[in-house]
Amino acid sequence: MPISRIAIGSPAEAGQADTLKAALAEFISMLIFVFAGEGSGMAFNKLTSNGSATPAGLVAASLAHAFALFVAVSVGANISGGHVNPAVTFGAFVGGHITLIRSIVYWIAQLLGAVIACLLLKFSTGGLETSAFALSSGVGAWNAVVFEIVMTFGLVYTVYATAVDPKKGNIGIIAPIAIGFIVGANILAGGAFDGASMNPAVSFGPAVVAWSWDNHWVYWLGPFVGAGIAAVVYEVFFIAPSTHEQLPTTEY
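The rules behind the values
- Per chain, residue numbering runs from 1 following the sequence as it is written.
- pLDDT decides what is reported in this predicted model: residues at 70 or higher carry local features, side-chain atom pairs at 80 or more are listed and counted, and totals for whole chains, interfaces and linings draw on all residues regardless.
- Excluded from the side-chain calculations are hydrogens and water; all other atoms, namely the structure's heavy atoms, are used.
- UniProt positions are given in the numbering used here, feature names are shortened, and annotations may be inferred rather than shown by experiment.
- In this text, helices come from DSSP runs of H or I with a minimum length of four residues, and strands from runs of E with a minimum of two, each type numbered from the N-terminal end.
- A radius of gyration in this sense is built from C-alpha atoms; the matching globule rule multiplies 2.2 Å by the number of residues raised to 0.38.
- Three exposure classes are used, based on accessible area relative to the maximum for each residue type with a 1.4 Å probe and protein chains only: buried under 20%, partly exposed in between, and exposed over 50%.
- We call two residues contacting when some pair of their heavy atoms lies within 4.5 Å.
- For the purpose of counting charges, residues Lys and Arg are taken to be positive, whereas Asp and Glu are taken to be negative. His and the chain ends are not included.
- Where a charge lies is defined by one atom per residue type: Lys uses NZ, Arg uses CZ, Asp uses CG and Glu uses CD.
- Classification of ring pairs rests on two measures: the distance between centres of Phe, Tyr or Trp rings, Trp counted by its six-membered ring, which must be within 6.5 Å, and the angle between planes, read as stacked under 30 degrees, edge-to-face over 60 and tilted in between.
- Here a patch means residues that are over 30% exposed by relative accessible area and free of salt bridges, tied together within 9 Å if like-charged and within 5 Å if nonpolar (Val, Leu, Ile, Met, Phe, Trp, Tyr).
- The accessible surface values rely on the Shrake-Rupley method and a 1.4 Å probe; as for residues, cover is taken only from the protein chains in view.
- Definition used for salt bridges: Asp or Glu carboxyl oxygen within 4 Å of a side-chain nitrogen of Lys or Arg.
- Between N-to-C directions, angles cover 0 to 180 degrees, with each direction set by a line fitted to C-alpha atoms, over the stretch in contact for helices.
- An angle below 35 degrees is treated as roughly parallel, one above 145 as roughly antiparallel, one from 65 to 115 as roughly perpendicular, and anything else as oblique.
- Residues are grouped as follows: Ala, Val, Leu, Ile, Met, Phe, Trp, Tyr, Cys and Pro are nonpolar; Asp, Glu, Lys and Arg are charged; all remaining types, including Gly, are polar.

Going by the annotation in an unreviewed UniProt entry, the name recorded for the chain is Major intrinsic protein, with Corchorus capsularis given as the source organism. Taken verbatim from the UniProt record of the chain, the Sequence similarities (unreviewed entry) comment is "Belongs to the MIP/aquaporin (TC 1.A.8) family. TIP (TC 1.A.8.10) subfamily." As recorded by UniProt, the Subcellular location (unreviewed entry) comment attached to the chain reads in full: "Vacuole membrane".

Next comes the structure, spelled out in C-alpha cells:
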C-alpha cells in the first residue's frame, strides 16, 4: 500500500545540492506557467475592457495553460520531475516517490514562483489586476471542491500513467503534452464554474498579489484530496510493489 512507502526524509535533505537545484527548476517552471496562464487572462481583460467572460476567452485560457504547462513540465522534467503543482508533489509523496522534506522544499519554490510571476505581470502591465480565482454565480464552495477534486484526480492520474509508472515505456515521451492536454481540457469543463485551478500555487500567486482570499481554501482542499485519491488508486491497482521505484529527479 502507498502508506507503507511514505517517507519523511532527513532535514539535511533540504540543503542538499540536488534538492536545491530541483527547487530552482520548480520555481522557474512555475514562473513560466503562471506568467503565461495568468497573463492570458489579463490580456483578455485588456482587449475586452474587463468585459464579461466569453466562450472564446475560455478557449484562449485553456490553450494558454495547456501550452505553457507542456513547456513548464518539459523544461523541469530532467531536474525536478517537472511537478509544477503542489498537488502533483503531494500525489508523488503519497505514492512514496518523494520525501516529505523534499516536498516541502518543492512547495515553497512553487508558491514563490507563482507569486513572483504575478508580481512581474502586475509591474509589466502597468499595474493591471492579477485576478484571484473565484466561484461563479450559483456555484457553492463545496460544489467547487468537488470540481477541483475530480479535475485534479484526472491530472494526477495522468501524471502517474505517463510519467511515474515504471511500466510506462515509450509513452513517457508524451507525458508533458498529455499533462498539458488534461489541464486544458479540464479548464474547458470547469473554468466557467470555479476557474479550474487544479493547482494551489496557481491560485495562491494571484491571491497574494491581489490580496483576495474569498473561498481560497477551496483551491487547496480540492486539489490535494484529488491528488491523494489518484495516487492511492494508481499505486494500489496498477503499480505492483515489485516494480515500485523512486520518482527520478533527472528524467521521467
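The discussion continues.
Things to note about the overall build of the chain
Helix and strand content of the chain: eight helices and zero strands. For the chain, the α and β elements follow one another from N to C terminus as α-α-α-α-α-α-α-α. A compact globule built from 252 residues should have a C-alpha radius of gyration of about 18 Å, and the chain, at 17 Å, falls within 12% of that. A principal-axis box enclosing the C-alpha atoms of the chain has dimensions of 55 × 35 × 30 Å. Residues counted as buried form 50% of the 252 residues belonging to the chain. For the chain, the share of sequence-separated contacts (at least 6 apart) that also reach a separation of at least 24 residues comes to 82%. Of the side chains in the chain, 7 bear a positive and 12 a negative charge, and the two mean positions are spaced by 5 Å.

Regarding the environment of Ala185
Looking at the element boundaries, Ala185 is found in helix H6 (residues 175-194). For Ala185, a relative accessible area of 38% corresponds to the partly exposed category. Each C-alpha atom, one on Ala185 and one on Ser62, is 6.9 Å from the other, the two residues being 123 residues apart in sequence.

Focus on the packing of aromatic side chains
Using the criterion set out here, one finds 16 aromatic pairs in the structure. Look at Phe133 and Tyr219: their rings are 5.4 Å apart centre to centre, the planes differ by 55 degrees, and that puts the pair in the tilted class. Here Tyr219 lies in helix H8 (residues 218-238) and Phe133 lies in the loop between helix H4 (100-124) and helix H5 (141-164), a separation of 86 residues in the sequence. Grouping residues by exposure puts Phe133 and Tyr219 together as buried. Clustering of aromatic rings is evident, with ring pairs tying together Phe90, Phe93, Trp107, Phe204, Trp211, Trp213, Trp220 and Phe224.

Describing a nonpolar patch on the surface
The grouping of Leu24, Ile28, Ile32, Phe70, Val71, Val75, Ile171, Ile173, Ile174, Ile177 and Phe181 at the surface amounts to a nonpolar patch, some 960 Å² of accessible area in total. Elements represented by at least two residues in the nonpolar patch include exactly helix H1 (17-47), helix H2 (55-77) and H6. Structurally, Ile171 can be placed in the loop between H5 and H6. For Ile171, a relative accessible area of 39% gives the class partly exposed.

A closer look at the side chain of Glu26
Position of Glu26 among the secondary structure elements: in helix H1. The buried charged residue Glu26 lacks any salt bridge partner; its closest oppositely charged side chain belongs to Arg102, at an N-O distance of 8.7 Å. Apart from the residues within four sequence positions on either side, Glu26 is in contact with Ser80, Gly82, His83, Val84, Asn85, Tyr106, Ala109 and Gln110.

Re the pattern of salt bridges
Scanning all chains against the criterion turns up two salt bridges. A salt bridge links Arg102 to Asp18, with the nearest nitrogen and oxygen atoms 3.5 Å apart. One end of the pair, Arg102, is in helix H4; the other, Asp18, is in helix H1, and 84 residues separate them in sequence. Under the relative-accessibility criterion, Asp18 is labelled partly exposed at 38%. Put simply, Asp165 and Lys167 hold a salt bridge, and the shortest N to O gap is 3.2 Å.

A short note on the packing of H5 against H6
Put simply, H5 and H6 touch, their axes get as near as 9 Å, and they point 170 degrees apart. Here H5 is positioned roughly antiparallel relative to H6, judged by the angle of their axes. Here H5 contributes Ala144, Phe147, Glu148, Met151, Gly154, Leu155, Thr158, Val159, Thr162 and Ala163 to the contact with H6, which in turn contributes Ala175, Ala178, Ile179, Ile182, Val183, Asn186, Ala189, Gly190, Phe193 and Asp194. Here the residues of the contact of H5 with H6 are counted per class, giving 13 nonpolar, five polar and two charged.

Digging into the UniProt feature "transmembrane region" (unreviewed entry) in the chain
Per the UniProt record, "transmembrane region" (unreviewed entry) is found at residues 27-44, 56-77, 108-128, 140-160, 172-193 and 217-240. What you have in residues 108-128 is 81% helix and 0% strand, and the ends, taken at the C-alpha atoms, are 26 Å apart. Helix makes up 86% of residues 172-193 and strand 0%, and the two end C-alpha atoms of the span are 32 Å apart.

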